[in-house]
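Report on the structure
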Amino acid sequence: MIKKLTLCALVVLSTLTTIRAASLFPTNSTWKYMKGTAEASSPDPATWRGLGFDDSTWASGAAPFYYDTDTNPSTAYTGNTQLADMQGNYTCIFLRKTFAVSDPANFAALRLTGICDDGFIVWVNGREIGRYNMPAGPVAFNGLSSAALGEPIAGFSITTNNPADFLVAGNNVICIQAFNSSLAGSSDFTIDAALSSIEPDSIPPVVFQVTPASGAIVSNLT
């Protein structure tokens, strides 16, 4: 009887994982914004999210955008653009910001970080890349976030892979629709965000160990 042996080589690869992130814009940046008293674009409520949308009539303001009726200065929100008329009048704001990209192929991912009370949806060049504390599906200008968040508010982080699918060389636009959890019952609101790119890991794996060694004679298998 002839016994057939199948030999398997164990190859161990050693890789050094390096994450190189570059800021596309920081927190406290200036945005074009519109208060959510109506849809940002009509008749198509999605037009405002596109790169070619004309936002020249929108106001400009630096984040964080906020309001807070808490009279205790040690716990109240502060920021750069106060929305003193938001409570009881509108539940969301629309934000747009352009940023430059030299070569989208150099990006392995995009990462959005910041703070929000209570929720938002974010698009880049019209493509939704994430949402935070929001219900599924389209949300109208008079919609609400999911349940109100407790305090202190934790920061958020949203990572999107393969951004070359929707980024273009040159100017790109990020759009955020940020929502409160109620029209008049919420005592506060805040939104601020930063965007960074994550570059691909260019360090290739190296062979750390091969078993059995090259040229070895294997007399039995265990």
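Scroll up a little and you will see the structure.
It should be emphasised that the depicted structure is a prediction, and the values quoted were computed from it without experimental measurement.

As a further point, take the pattern of salt bridges. Working definition: two side chains of opposite charge can pair if their charged atoms are close together. The final tally for this structure, using the stated rule, is four salt bridges. Residue lysine 32 pairs with aspartate 55 through a salt bridge whose shortest N-O separation is 3.8 Å. Here the residue lysine 32 occupies a position in strand 3 (residues 30-35), and aspartate 55 occupies one in the loop between strand 3 and strand 4 (59-62), the gap between them amounting to 23 residues. We note a salt bridge from arginine 131 to glutamate 128, for which the minimum N-O separation is 2.8 Å. On the accessibility criterion, glutamate 128 (36% relative accessible area) is partly exposed. Beyond isolated ion pairs, a larger network of salt bridges with shared partners links Lys32, Asp55 and Arg96.

We now examine the packing of aromatic side chains. In the structure shown here, the tally under the stated rule is 10 aromatic pairs. Considering the side-chain rings of phenylalanine 25 and tryptophan 31, the 5.5 Å spacing of their centres and the 85° angle between planes classify their relative orientation as edge-to-face. Of the two residues, phenylalanine 25 and tryptophan 31, both sit in the buried class. Between phenylalanine 53 and tryptophan 58 the ring centres are 5.8 Å apart and the planes differ by 65°, which places this aromatic pair in the edge-to-face class. If you follow lysine 97 out to its NZ or CZ, it ends over the ring of phenylalanine 25, 5.4 Å from the centre.

With that settled, consider the nonpolar core. One finds Trp31, Phe65, Ile93, Leu112, Phe120, Ile174 and Ile191 to be the most contacted residues of the largest nonpolar core, which totals 32 residues. Those elements giving two or more residues to this core turn out to be strand 3, strand 5 (65-68), strand 7 (92-101), strand 8 (109-117), strand 9 (119-124), strand 11 (156-161), strand 12 (170-179) and strand 13 (188-199). Once residues within four sequence positions are removed from consideration, isoleucine 174 is found in contact with Phe25, Trp31, Leu95, Arg96, Lys97, Phe99, Leu112, Val122, Trp123, Val124 and Leu195. Formed by 14 residues, the second largest nonpolar core is a distinct cluster that contains Phe53, Cys92, Ile121 and Cys175.

This part is about the side chain of serine 181. Assignment of secondary structure puts serine 181 in the loop between strand 12 and strand 13. Serine 181 sits in the buried class, given a relative accessible area of 17%. Within polar-contact distance, the side chain of serine 181 engages the side chain of aspartate 118 at 3.1 Å. Setting aside residues up to four positions removed in sequence, serine 181 forms contacts with Asp118, Leu144, Ser145, Ser146, Ala147, Ala148 and Ser186.

Here strand 9 lies mainly inside the structure; six of its six residues are buried. Residue alternation in strand 9 divides its side chains into two sets, Gly119, Ile121 and Trp123 and Phe120, Val122 and Val124, and both sets are buried. Note: strand 9 against strand 12, six bridges, orientation antiparallel. Bridging across to strand 12, phenylalanine 120 finds its partner in alanine 178. Two elements, strand 9 and strand 10 (residues 127-132), share five bridges in a ladder whose sense is antiparallel. Within the sheet, the bridge partner assigned to tryptophan 123 lies in strand 10 and is glutamate 128. In textbook terms, the turn of a hairpin is the stretch between consecutive antiparallel strands, and for strand 9 and strand 10 this stretch comprises two residues, one of which, asparagine 125, has a positive phi near 50°.

Procedures and definitions
Residues numbered from 1 in each chain as written. Predicted model: local features only at pLDDT ≥ 70, side-chain atom pairs only at ≥ 80, totals over all residues. Heavy atoms only, no water. Salt bridge = Lys/Arg side-chain N within 4 Å of Asp/Glu carboxyl O. Helix = DSSP H or I, 4+ residues; strand = E, 2+ residues; numbered from the N terminus. Buried < 20%, exposed > 50% of the residue type's maximum accessible area, 1.4 Å probe, protein only. Phe/Tyr/Trp six-rings, centres within 6.5 Å; stacked < 30°, edge-to-face > 60°. Lys NZ or Arg CZ within 6 Å of the ring centre and 35° of its normal. Core = buried A, V, L, I, M, F, W, Y, C linked by side-chain atoms within 4.5 Å. Contact = heavy atoms within 4.5 Å. Polar contact = N/O pair within 3.5 Å; in protein donor to acceptor, adjacent residues only side chain to side chain. Pairing = 2+ DSSP bridges.

None of the figures reported here should be taken as evidence of function without further support.
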